[in-house]
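Letter by letter, the chains look like this.
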Amino acid sequence: MSPKARAPAVGERLPYLLAKLKTPRVLERLEQTATTAREEGWPYEQFLEVLLEAEVFARDASGSRNRIRHAAFPAHKTLEDFDFTAQPAAEKPLIFHLAQLAWAQEHMNVCFFGPPGTGKTHLAIALAIKACQAGHRVAFATAQQWIDRLEHAQHHNALDAELRRPERYSLLVVDEIGYLPLERQAANLLLALVARRYERGSIIVTSNRGFDAWGEILGDAMVAAALIDRLIHHAHIVTLKGKSYRLRERGTGPAPAIQAPGLRPSA
C-alpha cells in the first residue's frame, strides 16, 4: 500500500505561485511581512495591500527609469539641482506648478527663452523627467536633430510615417531653436512637426531668441507666424535673464541680453 501523500503546508506553494505571477518584490517581502502581520494582528486586506504596494512602487520606479533612458536626454537634470537664487527670473512657484504636469494632461506647451547658459535646457529636461516619472513617454532632441530625422525620412519617401512616430509620445522636447538659422525647407519640416502636435500632445521648446526674431531664424515670416501661433495658443512662457552659468563660473561678463517674446499666450 503506497504511503498517503503529504498535504502541502499552509503557504508552501506561495513562492511558486508568486514566481509564476512575476511578482519578485512580493516574494522578497513575503516572509517578513507575514511575520509582522501575525504579530500585529493585521486584517487580510492590510497584509495584501502592503505586499502589493511594494510591487507596484518597484514597477513604477523601473518604468520611470526605462522612460528616462528612452527619452535620450543629453544629461540628467532635476529641479532640485537648479539654482533658483542665481536665476530669479525662473519663478520657483511657477516652475514647481509646471512640475505638477497639468499642462501635459491638457496638451499644452512650455516655452523657455533666454540667453545661452541661463538654464533653459536644464529646466526643460527637469520637467520632462518629471513627466517620465508620472508615466508619460518623452522624446528629447535639438531642433536640428528633429529636422535631420525628418529630412532623412523625406529623402526616403517616408516623411508621413516619421511624422506619425512622435504621436506615440505624450511630450516632445525641441531644444535650441534659433542657435542656427534654418533653410526654408527645414523650417517647413519643423512646422509640420509642431502642427501634428497641435492640441494632440505637448511640446517643450527652448530658444535663445525671442519670437520677434523667428522670422529671421526660420527664413520665412509666414512659416514663423504659423509655428508661433500653434506653439503659444495653449502655452506657458518663461523668459530667463542674466549671466550664463558657464560664463559666471569663469568670472567673465554677462551673456548678451534677449528681448522678451513679443506675443502673449492665450489664456
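Residues numbered from 1 in each chain as written. Predicted model: local features only at pLDDT ≥ 70, side-chain atom pairs only at ≥ 80, totals over all residues. Heavy atoms only, no water.

Draft legend 1. Looking closely at a nonpolar patch on the surface. A contiguous nonpolar patch, built from Leu14, Tyr16 and Leu17 and spanning about 270 Å² of accessible area, is present on the exposed surface. Tracing the backbone through its elements, the reader meets Leu14 in helix α1 (residues 14–20). (Patch = residues over 30% accessible without salt bridge, like charges linked within 9 Å, V, L, I, M, F, W, Y side chains within 5 Å. Areas by Shrake-Rupley, 256 points an atom, 1.4 Å probe, with all protein chains shown as cover. Salt bridge = Lys/Arg side-chain N within 4 Å of Asp/Glu carboxyl O. Helix = DSSP H or I, 4+ residues; strand = E, 2+ residues; numbered from the N terminus.)

Draft legend 2. Expanded view of the pattern of salt bridges. Considering all chains together, one arrives at 8 salt bridges under this definition. The partner of Lys130 in a salt bridge is Glu80, and the shortest N-O contact between them spans 3.9 Å. Of this pair, Lys130 sits in helix α6 (residues 120–133) while Glu80 sits in the loop between α3 (44–71) and α4 (92–98), placing them 50 residues apart in sequence. Among the residues examined, Lys130 registers a relative accessible area of 26% and is labelled partly exposed. The closest approach of N and O atoms between Arg184 and Asp220, which form a salt bridge, is 3.5 Å. Residue Arg184 is found in helix α9 (residues 184–197), and its partner Asp220 is found in the loop between α10 (214–218) and α11 (221–232); the two are separated by 36 residues along the sequence. (Buried < 20%, exposed > 50% of the residue type's maximum accessible area, 1.4 Å probe, protein only.)

Draft legend 3. Quick look at the packing of α9 against α11. In the contact formed by α9 and α11, the axes pass within 10 Å of each other and the chain directions differ by 20°. On the basis of the axis angle, α9 is roughly parallel to α11. Crossing angle aside, the handedness with which α9 passes α11 is left-handed. Of the residues in α11, those in contact with Ala187, Asn188, Leu190, Leu191, Val194 and Ala195 of α9 are Val223, Ala226, Leu227, Arg230 and Leu231. Within the contact of α9 with α11, the residues separate by chemical class into 9 nonpolar, 1 polar and 1 charged. (Axes fitted to C-alpha atoms, helices over the stretch in contact; angles between N-to-C directions. Parallel < 35°, antiparallel > 145°, perpendicular 65-115°, else oblique. Left-handed = near helix turned anticlockwise from the far one by under 90°. Contact = heavy atoms within 4.5 Å. Nonpolar A, V, L, I, M, F, W, Y, C, P; charged D, E, K, R; others polar.)

Draft legend 4. Highlighting the packing of helix α7 (residues 143–155) against α9. It is at 9 Å that the axes of α7 and α9 come closest, and there the two elements cross at 100°. Relative to α9, the element α7 lies roughly perpendicular. In this structure, α7 contributes Trp146, Ile147, Leu150, Glu151 and Gln154 to the contact, and α9 contributes Gln185, Ala186, Leu189, Leu190 and Leu193.

Draft legend 5. Looking closely at the nonpolar core. Ranked by size, the top nonpolar core spans 34 residues in total, and within it Val174, Leu190, Leu193, Trp214, Leu218, Leu227 and Leu231 carry the most contacts. When residues of this core are traced back to their parent elements, those giving at least two are β1 (109–113), β2 (138–142), α7, β3 (171–177), α9, β4 (202–207), α10 and α11. Contacts of Leu218, omitting those with residues within four sequence positions, involve Leu182, Glu183, Arg184, Ala187, Leu190, Val223, Ala224 and Leu227. (Core = buried A, V, L, I, M, F, W, Y, C linked by side-chain atoms within 4.5 Å.)

Draft legend 6. Summary view of the sheet that holds β1. The 5 strands lie next to each other as β2-β3-β4-β1-β5, forming an open sheet whose pairing is parallel. Edge strands, defined here as strands with exactly one partner in the open sheet, are β2 and β5 (235–239). For this sheet, the mean angle separating the axes of adjacent strands, direction not counted, is 10°. Sheet topology places β1 next to β4; 4 bridges connect them, and they run parallel. Bridging from a neighbouring strand, Cys111 pairs with Val205 of β4. Most of the contacts of α9 go to β3, to which it runs at about 150°, and overall it touches β3 and β4. (Pairing = 2+ DSSP bridges.)

Draft legend 7. Summary view of the pairing of β4. Most of β4 sits inside the fold, with 6 of its 6 residues counted as buried. With α9 bridging β3 and its parallel neighbour β4, the resulting β-α-β unit is right-handed. (Right-handed = clockwise from strand over helix to strand, strands pointing away.)

Draft legend 8. The arrangement of the environment of Ala224 in detail. Mapped onto the elements of the fold, Ala224 is located in helix α11. The spacing of Ala224 and Phe211 is 13 residues in sequence and 8.3 Å in space, taken between C-alpha atoms. Not counting the four nearest positions on each side in its chain, Ala224 is found in contact with Trp214, Gly215 and Leu218.

By themselves, these observations are geometric and do not establish any function.
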